[in-house]
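Examination of the molecular architecture
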Amino acid sequence: MKSGLCSFLLLLLLCVQSWVIGSALLGDPVTSCGLPLCDFVCNCEGCSDERKCGYGQNFLCDFERSLCGWSDRSGPSTAWERRQRHETLPDNAPFSDYTLGTDAGWFVAVQSSSSEHSSVALLESPVMSEAAASCEVRLRYFMWDSGVSEGMLGTALWASVWRLAEGAGGLVWRPGVSSVRGWRDASFFPGRLPRGFILRLHSQHGPHEPGAVAIDQLEFRNCALPVPDQGPCTEGEVRCARGGCVSSEKLCDGTDDCGDNSDERGELCGEYRKCDFEHGTCEWQQMKMASLKWKLTNQMSLHATFDPMTGPGRDHTTNTDQGNFLYISTAASNESDWTSLESPVLEPTNDTNPCGLVLYYHLFGPRVGGLSVIVMTAEKLYPVLEKGGEYGDLWVKGQVDLVVNTTFQIIVMASLREGQYGGVAVDDLILSPGCRNSQEPPPPLPPVKPPHHSCGEGQFQCASSECVAHTLVCDFKEHCRDGSDEAQCGGTDFKDSSGGWTDRSVGTRQWIHLSWESNSTYGYLMVLPAPGQVSTAARALTPVLGPSGPFCSLRLSYGTLGNTTRPGMLSLNVVEQDRGTRSEVWRYQGNTGGQWLSAMVTIGARERGFQVEVRGHVPDFLAETHLIAINKFEFLTCNISEPDNSRELTCNFEAGLCGWYQDQTDSFDWFLENGSDHTIGPGVSVSVPLWSPSLRGLTGRLLSYPQPTPSTSLCLSFWYQLYGPQTGSLNVKLRSVNDGQELLLWTRSGSHGNTWHHGNCLLTPIPPNFQLVFEAVRDGFDGHVAVDDVMVTESCPTQTSCSFEGWDCGFSSSGYERWVRQNWATGEVTPGPPSDHSLGTDRGYYMIADTSLPSGSVSVLRSEERSAPLWPECVQFWYHKGGDKPGSLRVFLQEVGGGRVQVFADNVSQGNAWRHGNVNISTTRDWQLVFEAEGAGGVQAYIALDDITYIPHTCPGPASVCDFESGQCSWSNTQDPVLDQLDWTLTSADSQSYYPAPPHDHSLLNARGHFLFLPSSQRATAGQTAWLLSPHFPPTTGTCLSFWVHRAVHDGAVLRVLLLSEQGTRQLWEQRGGGSPLWTRYELDIVSTVEYQMVLEGRKGFNGALALDDVLFIPGVNCAGQQMDPLPSDSTRSDNTAEIVVSVLVLLVLLATLAALLVFYFRLRGRGPLSSTESFGGFDNTTYNTSDTERVVIPRLQMAQDDPQDSIENTTYSTSDQDRQAVWMVES
């Protein structure tokens, strides 16, 4: 019975769904709110009839929650998938989504093809009922390193529409072949689509092609038909048969604007003469004098050439690939580059009954020269409509009314130019009843005086007759005596001409140049109505400009007038056609009250080939009340010549950027930031707020002016800050001006704490003409990058740290096999670590020695000479050993002119992990650090080194507290995205201005004291985790870990303690739920039968902050103070002790006394020391006595001897006498 009922309900559901979709296909109004109707009109409460229609709320799909009804219809070798950046994706995939701008946002991307042949990924929308002719689909797309795809000639992405009733479709969007590492904005216009249709997004990849293609933020605009209400139409409108109103200007224009074709019905438009080219060219004829001829064709015929970039993807009449149009694309060597089409001879017209012409033109691709509509009489030729250059992959409506007092003909002329693809097409030429055929013969072609050109190919003829290269036109410098090479380049007051600005509008608004005389001459560029169908902004472009200098700016004078609640919008963009990019550089939205205002807009340094675009948009356009106009453009200091301060690379940024400037080819700019300064605190530095929600793109770059080759080597010195839970990266690069090649000199990534660090890098090798680059990389989305006090000197100071990213830091190699600087992706020594320690990627560098050597063979790595330290130093380093019998690693202190002392030794194979090592250095001589890798006869064996750091204090002892006053000690953030996404950040309360933080630390009890914290923020990273990793520890039967936690808000944050070993990850302890505004101490015993690391894992909450301080780890001693592990014997201790113990003991006593005095002093004064070293670690010698303190005790974890992994149990608080519960708290 139940089975029968289920079958009946399923059958009923399918019937209802089929009825709804079928009714939609037939155009019947369906108001059922149970299933989607998908007609872009909200008929039900909450717009439930428009859900999962390819869009969601506000007719937009950002893929944050779902695919919005889109589905993958690809073959077995490739697919569209909904993805996030923080998942494992190829390096060329999007670095973030567009909507949120972070790695937590969602988008759809194409999975790489695994086929040996070219394959197409297909993404389909749900069935949509119908769309109006005004429909616009706006989207953001990512296409990077796509390569050449078989069958698409480099087109890795395109869109089409499929009409279910007709079984036909057509191409509606082809973005071109340019590859850009960033999200780009595009719109396509599917045209009038009656009954049911499906939108399709295609991506084609060749065999094993590495290209990345993605889509985000699909938005459907103005896609609904006129609302079929019965209210009165306004003046200038007519009623449709189905109800609703359309503008009278849309009657008989060859487009179904009503949705029932009643605005194109025969009784209304019977006297109009329309040629749709479905059965020839009607009464229009090719002009005999043109050797290039129009071709009557359709997309199906053109597609047989296997060049999908050829021709319109569909005609205008039927909106399918089967409909015909006239088209020109290429000219033979013996043909002209233009052609024309002429109307029959027409009778004279007058103002009351003009001859109206409507035509649809398609100007797509760089081959487009232009399209003109010309009136030819016996006396003269004159244009009435001129369109130049590319307009996009859509049909644009053109309309003119002709008043001619003699017989005439209409000439439609098209021209081509050199270009990779594209052409000119026309369709649906419609003559109004006022265009009456004449019986007179065609007027003779009037005499035309050909222009006189005495200049050669590739040259421009000045008005003063001399010739200059075309590449010098519009380069912001006059090369003609009369300045005519710069006269039509966009800088104008519009009194005499448009100044080179060309309207490229495709919709219902256009830019028109107006001028008049009244006492003096006035002129301006104004937004006025246009005959187009789509509601897009008016667009006008300059000619191709450049190159421009770094200080290039554009001053404009503008005015707006209209509705204050929905004001007009005016914007300036820089367009690079070759790259397919458009970047907005200025925007104004408001009402100037009819007054002229002035604005200064930065253009900056750009290569030749860019154009400036001005856009004007008015919602609910009314020409009488909404006005946008510009009366002046002026380019200032745009010549590429260098300013006086171009050599000033040394800069503290207090008075500006000195000899540095913004790179205009990147994604965002550096800012001069007040109040964050290395030199004087409240001064100025340059920074990038990566936490800003408005940032998009991957990089922001600060460039130096080109520099000549120096006679000696140079060193770049600077101070930097990398701060936040998800900080990006900072790179320093050396750029060759001649060939554009860039060399990475230095890099840092991840959180380095809320303090300034010193960096320097040797500039070598230096090309003949070079630039320096500071590059902020937005591979993190919640942090702050800053640079200050840049200086260029003749030599670098002694290195305080070395990550091997830019160079070898002066290390030299000798011995049986040389140490090699390499990364895993391109390295010659194999195998090796799959990622470095600094960046945690396969592109990060390290030093590696191949130890597949005979036993006893040694490879030596030697540092530069270092000065004798004033006090003992700690050298920290990370090493990685792999393969069968990798051999041993030894570290020596080599005194210059003296002996050497072994300070570290490790001869145990310890698995696939980076391990922390440190040694104390104490000597009265200059010295070198020497690493020796000794082979043991292994197979595919190696030893690698990374992140060597020199710290001006002694290394932490085996049982020291880390109070974070001098860095993170031996604890470190991991940069492995598989393990976590965020970083613990070092900060203090008084230096914290952006994130929420505790009011003081625990160690010093004041706002200057330091701690680690994981704050909440505006970024969508709540729920992501940060791992704080300890060094590797040997097995233990009892080791105590204690730490202090501050968590003031119940915000979803979680703190866990994990044990990480070769057996996996085990949770030992967790805190979630309510927090406390006080610092609270926790401790737990660690038991492990294998080597292990401790992990303090924080999960970010929605508000407040999670903070850690005073982390104490006592190897071999449990929390009850019992010695659980045997003490290391003398034979297992590092043999450096006997060599330096005397000097170290004396200095340790002095330092311990000094540290105690400083702690006492700062607690009295209410302030703590600030760290400004390069170090990532280093304990001080503060003692930590907990024998008489109350504490929260977590029962020790008992582990079964036979199964240690299963013996971990959830820890609970105890109130027994043995484990009493108490709280040691510090009031805020």
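Just so it is clear, the model here is predicted, and its values are computed rather than measured. (Residues numbered from 1 in each chain as written. Predicted model: local features only at pLDDT ≥ 70, side-chain atom pairs only at ≥ 80, totals over all residues. Heavy atoms only, no water.)

Quick look at the overall build of the protein now. When you go through the protein residue by residue, the secondary structure sums to four helices and 71 strands. Across the 1228 residues in the protein, those meeting the buried criterion constitute 55%. Partitioning the intrachain contacts of the protein with sequence separation of at least 6 by distance along the chain shows that 77% fall at a separation of at least 24. Summed over its atoms, the accessible surface of the protein is roughly 52,100 Å², and 52% of this surface lies on carbon and sulfur atoms. (Helix = DSSP H or I, 4+ residues; strand = E, 2+ residues; numbered from the N terminus. Buried < 20%, exposed > 50% of the residue type's maximum accessible area, 1.4 Å probe, protein only. Contact = heavy atoms within 4.5 Å. Areas by Shrake-Rupley, 256 points an atom, 1.4 Å probe, with all protein chains shown as cover.)

With that out of the way, let us pick up the packing of aromatic side chains. Enumeration over the complete set of coordinates arrives at 47 aromatic pairs. Taking 6.1 Å as the distance between ring centres and 45° as the angle between the ring planes, the aromatic pair formed by Phe877 and Tyr879 counts as tilted. Given the relative accessible area of 5%, Tyr879 is considered buried. Taken together, the ring pairs connect Trp691, Tyr723, Tyr994, Tyr995, Phe1011, Phe1013 and Trp1079 into an aromatic cluster. Over the ring of Tyr98 we find Arg696; its NZ or CZ atom is 5.3 Å from the centre of that ring. Directly above the aromatic system of Tyr950 lies the positively charged group of Arg866, at a separation of 3.5 Å from the ring centroid. (Phe/Tyr/Trp six-rings, centres within 6.5 Å; stacked < 30°, edge-to-face > 60°. Lys NZ or Arg CZ within 6 Å of the ring centre and 35° of its normal.)

Counted according to the given criterion, the structure contains six cavities of 30 Å³ or more. Approximately 120 Å³ is the volume found for the second largest cavity. Secondary-structure elements contributing two or more residues to the lining of the second largest cavity are strand E44 (742–749), strand E45 (757–763) and strand E48 (801–802). When the residues that make up the lining of the second largest cavity are grouped by side-chain class, the tally is six nonpolar, nine polar and three charged. (1 Å grid on protein atoms, 1.4 Å probe; cavity = no way out; pocket = protein on both sides within 12 Å on 5 of 7 lines; lining within 4 Å. Points joined across faces, edges and corners; volume = space filled by probe spheres on them. Nonpolar A, V, L, I, M, F, W, Y, C, P; charged D, E, K, R; others polar.)

This paragraph deals with the confidence of the model for the protein. Looking at the protein, pLDDT values average 83 and 83% of them are 70 or higher. Residue range residues 1–30 is modelled with pLDDT below 50. Its contacts to residues more than four positions away, or to other chains, number 22 contacts. Scored below 50 in pLDDT, residues 1159–1228 shows 165 contacts in the model against residues more than four places distant or in partner chains. (pLDDT = per-residue confidence, 0-100.)

This paragraph deals with a nonpolar patch on the surface. Residues Met289, Leu381 and Leu445 make up a contiguous nonpolar surface patch of about 270 Å² in total accessible area. Counting through the fold element by element, Leu445 comes out in the loop between strand E24 (423–431) and strand E25 (459–461). You can call Leu445 partly exposed: its relative accessible area is 45%. (Patch = residues over 30% accessible without salt bridge, like charges linked within 9 Å, V, L, I, M, F, W, Y side chains within 5 Å. Salt bridge = Lys/Arg side-chain N within 4 Å of Asp/Glu carboxyl O.)

What follows deals with the state of the cysteines. As used here, a disulfide is simply a covalent bond connecting the sulfur atoms of two cysteines. Evaluated as defined, the whole model comprises 19 disulfides. Covalently, Cys61 is tied to Cys68 through a disulfide, its sulfur atoms 2.0 Å apart. With the S-S dihedral at roughly 90°, the linkage between Cys61 and Cys68 falls on the right-handed side. Just as Cys61 is buried, Cys68 falls in that class too. Two residues share a disulfide in this structure: Cys474 and Cys489, whose sulfurs sit 2.0 Å from each other. Measuring the twist about the S-S bond at about -80°, one finds the Cys474-Cys489 disulfide to be left-handed. Taken together, the residues Cys474 in the loop between strand E26 (467–469) and strand E27 (502–503) and Cys489 in the loop between E26 and E27 connect sequence positions 15 residues apart. Comparing Cys474 with Cys489, the two get one shared label, buried. (Disulfide = S-S within 2.5 Å.)

Before going further, it helps to examine the side chain of His1010. With respect to the helices and strands, His1010 occurs in strand E62 (residues 1010–1015). For His1010, a relative accessible area of 2% corresponds to the buried category. There is a polar contact of 3.4 Å between the side chain of His1010 and the backbone oxygen of Arg1008. (Polar contact = N/O pair within 3.5 Å; in protein donor to acceptor, adjacent residues only side chain to side chain.)

Tracing the backbone through its elements, the reader meets Lys250 in the loop between strand E13 (245–247) and helix H2 (266–269). Note: C-alpha distance between Lys250 and Pro531 (281 residues apart in sequence) is 8.5 Å. Sequence-distant contacts of Lys250, defined by excluding residues within four places in its chain, comprise Asp257, Asp263, Glu264 and Lys397.

So, on to the sheet that holds strand E55 (residues 900–906). Taken together, five strands build an open sheet; the order of strands is E49-E52-E57-E54-E55 and the sheet is antiparallel. At either end of the open sheet lies a strand with only one pairing partner, and these are strand E49 (812–815) and E55. Within the sheet, the average angular offset between the axes of one strand and its neighbour, ignoring direction, is 20°. (Pairing = 2+ DSSP bridges. Axes fitted to C-alpha atoms, helices over the stretch in contact; angles between N-to-C directions.)

Below, the discussion takes up the sheet that holds strand E2 (residues 71–72). Within a sheet, each strand pairs with its neighbour through backbone hydrogen bonds, oriented either parallel or antiparallel. Strand order in the open sheet formed by five strands is E2-E5-E10-E7-E8, with antiparallel pairing between adjacent strands. A strand with exactly one partner marks an edge of an open sheet, and here the two such strands are E2 and strand E8 (168–173).

This brings us to the pattern of salt bridges. In the structure shown here, the tally under the stated rule is 40 salt bridges. Arg481 is the partner of Glu466 in a salt bridge, and the nearest nitrogen-oxygen pair spans 3.7 Å. Here Glu466 is found in the loop between E25 and E26, whereas its partner Arg481 is found in the loop between E26 and E27, with 15 residues between them in sequence. Judged by its relative accessible area of 18%, Glu466 is buried. As a salt-bridge pair, Arg890 and Glu932 come within 3.2 Å of each other at their nearest N and O atoms. Taken together, the residues span a long stretch of sequence, with Arg890 in strand E54 (residues 888–895) and Glu932 in strand E57 (residues 927–934) at a distance of 42 residues. Beyond isolated ion pairs, a larger network of salt bridges with shared partners links Asp663, Arg701, Lys733, Arg735, Glu742 and Glu775.

In this structure, Gln84 sits in strand E3 (residues 79–84). Looking at Gln84, its side chain comes within polar contact range of the main-chain oxygen of Ala104, at 2.7 Å.

Attention shifts here to the environment of Leu302. For Leu302, the location among the structural elements is in helix H3 (residues 299–303). A residue is classified by how much of its surface remains accessible, and Leu302, at 5% relative accessible area, is buried. When residues no more than four places from it in sequence are discounted, the contact partners of Leu302 are Thr297, Thr310, Gly311, Phe325 and Tyr327.

This next bit is on the pairing of E54. Two faces belong to every sheet, and in a regular strand the side chains alternate between them. Across the eight residues that make up E54, a large majority, seven, are buried. Hairpin connection between E54 and E55: a loop of four residues separates the two successive antiparallel strands, and Gly897 in this loop has a positive phi of roughly 75°.

What follows deals with unusual backbone geometry. With an omega of 5°, the peptide bond between Gly546 and Pro547 qualifies as cis. Looking at the secondary structure, you find Pro547 in the loop between strand E30 (538–541) and strand E31 (553–561). Backbone torsion omega between Thr830 and Pro831 reads -5°, so that peptide bond is classified as cis. Tracing the backbone shows Pro831 in the loop between strand E50 (820–822) and strand E51 (846–850). One non-glycine residue with positive phi stands out, namely Phe476, at about 70°. Structurally, Phe476 is set in the loop between E26 and E27. Here the phi dihedral of Phe804 falls at roughly 65°; this positive angle occurs in a residue that is not glycine. By secondary structure assignment, the location of Phe804 is in the loop between E48 and E49. For Phe804, a relative accessible area of 1% translates into the label buried.

Mapped onto the secondary structure, Asp49 falls in the loop between helix H1 (2–25) and strand E1 (60–61). Measuring from C-alpha to C-alpha, the distance between Asp49 and Cys38 comes to 6.8 Å, with eleven residues separating the pair along the chain. Of the polar contacts made by the side chain of Asp49, one reaches the backbone nitrogen of Cys44; its length is 3.4 Å.

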